[in-house]
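# A closer look at the structure
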Amino acid sequence: QQLSRFSAKDRLQALRSLGQCAQEATLPLLGVIARVLNDADSEVRRAALEVIAGFGQLAAPQSRQIANRLQDLDPELRTYAASSLGALGDVAVGHAADLRAALGDAEAVVRLAVVKAIGAIGPAVAQEAGAALVAHLGEAEDGAVRAASIE
């Protein structure tokens, strides 16, 4: 909450600085950084997600906040959220429903990231999302989504 009293530019700079620090130093701040995912500024949200994603599986406690960004207004942030969940691997199994819903995103780049995330998380999620993945095999307008669905 105290971060909100600073300008978006200052919040962005603070997040970028945190991203440059050693993980050991910033790990205790992950919860605070995760709250910034709700910032009004999409660039600040994106920077927060990048910092969190840099922690890989150590960011597992923040997976719900990451999954919530699959519904962000910014398609770039939705794409990065899907990729971040994929980077969590099997830790993100609990977000299969979120990913399945995101397969219906209007942006092909988001759908592609979601398909890749489902594959990275593992067979349990792929099985659960199976019908939706099969539906994307027919996406004639986007061969990349179709190819990733097959993989």
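To be clear, the structure that these remarks concern was listed above.
What comes next concerns the included structure. (Residues numbered from 1 in each chain as written. Predicted model: local features only at pLDDT ≥ 70, side-chain atom pairs only at ≥ 80, totals over all residues. Heavy atoms only, no water.)

One pass over the structure, following the stated rule, counts eight salt bridges. The residue Asp72 makes a salt bridge to Arg45 at a minimum N-O spacing of 2.8 Å. Pair noted here: Asp72 is in the loop between helix H5 (63-68) and helix H6 (75-88) and Arg45 is in helix H4 (residues 42-53), with a separation of 27 residues, a long-range link. Asp72 gets classed as buried once you look at its relative accessible area, which sits at 4%. Since its relative accessible area comes to 10%, Arg45 is described here as buried. A salt bridge links Asp72 to Arg69; the nearest nitrogen and oxygen atoms lie 3.0 Å apart. When sorted by exposure, Asp72 lands in the same class as Arg69, which is buried. A single salt-bridge network, built from bridges that share partners, covers Arg45, Arg69 and Asp72. (Salt bridge = Lys/Arg side-chain N within 4 Å of Asp/Glu carboxyl O. Helix = DSSP H or I, 4+ residues; strand = E, 2+ residues; numbered from the N terminus. Buried < 20%, exposed > 50% of the residue type's maximum accessible area, 1.4 Å probe, protein only.)

Relative to the assigned elements, Val91 resides in the loop between H6 and helix H7 (96-102). Between the C-alpha atom of Val91 and that of Leu58, which follows or precedes it by 33 residues, the distance is 9.8 Å. Apart from residues no more than four positions distant in its own chain, Val91 is found in contact with Gln57 and Ala60. (Contact = heavy atoms within 4.5 Å.)

This next bit is on the nonpolar core. Ranked by size, the top nonpolar core spans 34 residues in total, and within it Leu15, Ile52, Ile66, Leu70, Leu85, Leu99 and Val114 carry the most contacts. For this core, the elements supplying multiple residues, two or more each, are helix H1 (8-20), helix H3 (30-35), H4, H5, H6, H7 and helix H8 (108-121). Look past the residues within four positions of Leu85 in its chain and what remains in contact with it is Ser63, Ile66, Ala67, Leu70, Ala92, His95, Leu99 and Ile121. (Core = buried A, V, L, I, M, F, W, Y, C linked by side-chain atoms within 4.5 Å.)

A few words on the packing of H1 against H4. Put simply, H1 and H4 touch, their axes get as near as 9 Å, and they point 10 degrees apart. On the basis of the axis angle, H1 is roughly parallel to H4. Here Ala8, Arg11, Leu12, Leu15, Arg16 and Gly19 of H1 come into contact with H4, specifically with Glu43, Val44, Ala47, Ala48 and Val51. Residue composition of the contact of H1 with H4, grouped by class: seven nonpolar, one polar and three charged. (Axes fitted to C-alpha atoms, helices over the stretch in contact; angles between N-to-C directions. Parallel < 35°, antiparallel > 145°, perpendicular 65-115°, else oblique. Nonpolar A, V, L, I, M, F, W, Y, C, P; charged D, E, K, R; others polar.)

Looking now at the packing of H4 against H6. How two helices pack is summed up by the angle between their axes together with the distance between the axes. Two elements in contact, H4 and H6, have axes whose closest approach is 10 Å; the angle formed by their N-to-C orientations is 10 degrees. Judged by the inter-axis angle, H4 sits roughly parallel to H6. Contacts between H4 and H6 pair Arg45, Arg46, Leu49, Glu50 and Ala53 from the former with Glu76, Leu77, Tyr80, Ala81 and Ser84 from the latter. For the contact of H4 with H6, a count of residues per class yields five nonpolar, one polar and four charged.

Right, let's talk about the environment of Asn68 for a bit. In this structure, Asn68 sits in helix H5. Counting along the chain gives 27 residues from Asn68 to His95, while the straight-line C-alpha distance between them is 9.7 Å.

Turning to H4, a few remarks are in order. The end-to-end C-alpha distance of H4 is 16 Å, a good match for the 16 Å that 12 residues give at a rise of 1.5 Å each. Inspection of H4 places Val44, Arg45, Arg46, Ala47, Ala48, Leu49, Val51 and Ile52 among the buried residues, and these make up the whole buried set. Structurally, H4 contributes buried residues whose contacts are with H1, H3, H5 and H6. Where H4 begins, the side chain of Asp41 points an oxygen toward the backbone nitrogen of Glu43, at a separation of 2.9 Å. (Expected span 1.5 Å × (residues − 1). Polar contact = N/O pair within 3.5 Å; in protein donor to acceptor, adjacent residues only side chain to side chain.)

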